[in-house]
Amino acid sequence: MVSSNSKLDLIGVISPLCLLKCKSVLTGMKSGHVLEVLLQDSGVVEKLVKIIERSQDQVMESKMEKDLYRICIKKGSKT
């Protein structure tokens, strides 16, 4: 399991609000830090992973645990 610097619980938060919150938290983080995000909606997980893949950030881990998804995102450098 990847060690995170910050956690963001988005369980029950509707899309696109949860995507905006995640992006906002990532924007305020330092390069190299890891954000752990908890989600329930598989559709939102897919959208979030696509957004991250197109950015400087990196999905370090993505897994389903019981009824939630845990995604660890490493903040990339601003180049």
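Cut-offs used in this document
Residues numbered from 1 in each chain as written. Predicted model: local features only at pLDDT ≥ 70, side-chain atom pairs only at ≥ 80, totals over all residues. Heavy atoms only, no water. Helix = DSSP H or I, 4+ residues; strand = E, 2+ residues; numbered from the N terminus. Buried < 20%, exposed > 50% of the residue type's maximum accessible area, 1.4 Å probe, protein only. Lys, Arg positive; Asp, Glu negative; His and termini not counted. Salt bridge = Lys/Arg side-chain N within 4 Å of Asp/Glu carboxyl O. Polar contact = N/O pair within 3.5 Å; in protein donor to acceptor, adjacent residues only side chain to side chain. Contact = heavy atoms within 4.5 Å.

(A) Local environment of the side chain of Lys-75. On the secondary structure map, Lys-75 appears in the segment after strand S4 (68-74). Buried charged residue Lys-75 carries no salt bridge. Nearest counter-charge: Asp-57, at 4.1 Å. Side-chain polar atoms of Lys-75 contact the backbone oxygen of Leu-26, separated by 3.2 Å. Those residues in contact with Lys-75, other than ones at most four positions away along the chain, are Leu-26, Thr-27, Met-29, Lys-30, Ser-31, Gly-32, His-33 and Asp-57.

(B) Summary view of unusual backbone geometry. Residue Pro-16 follows Ser-15 across a cis peptide bond; omega there is 5°. With respect to the element layout, Pro-16 can be found in the loop between strand S1 (6-9) and helix H1 (17-27).

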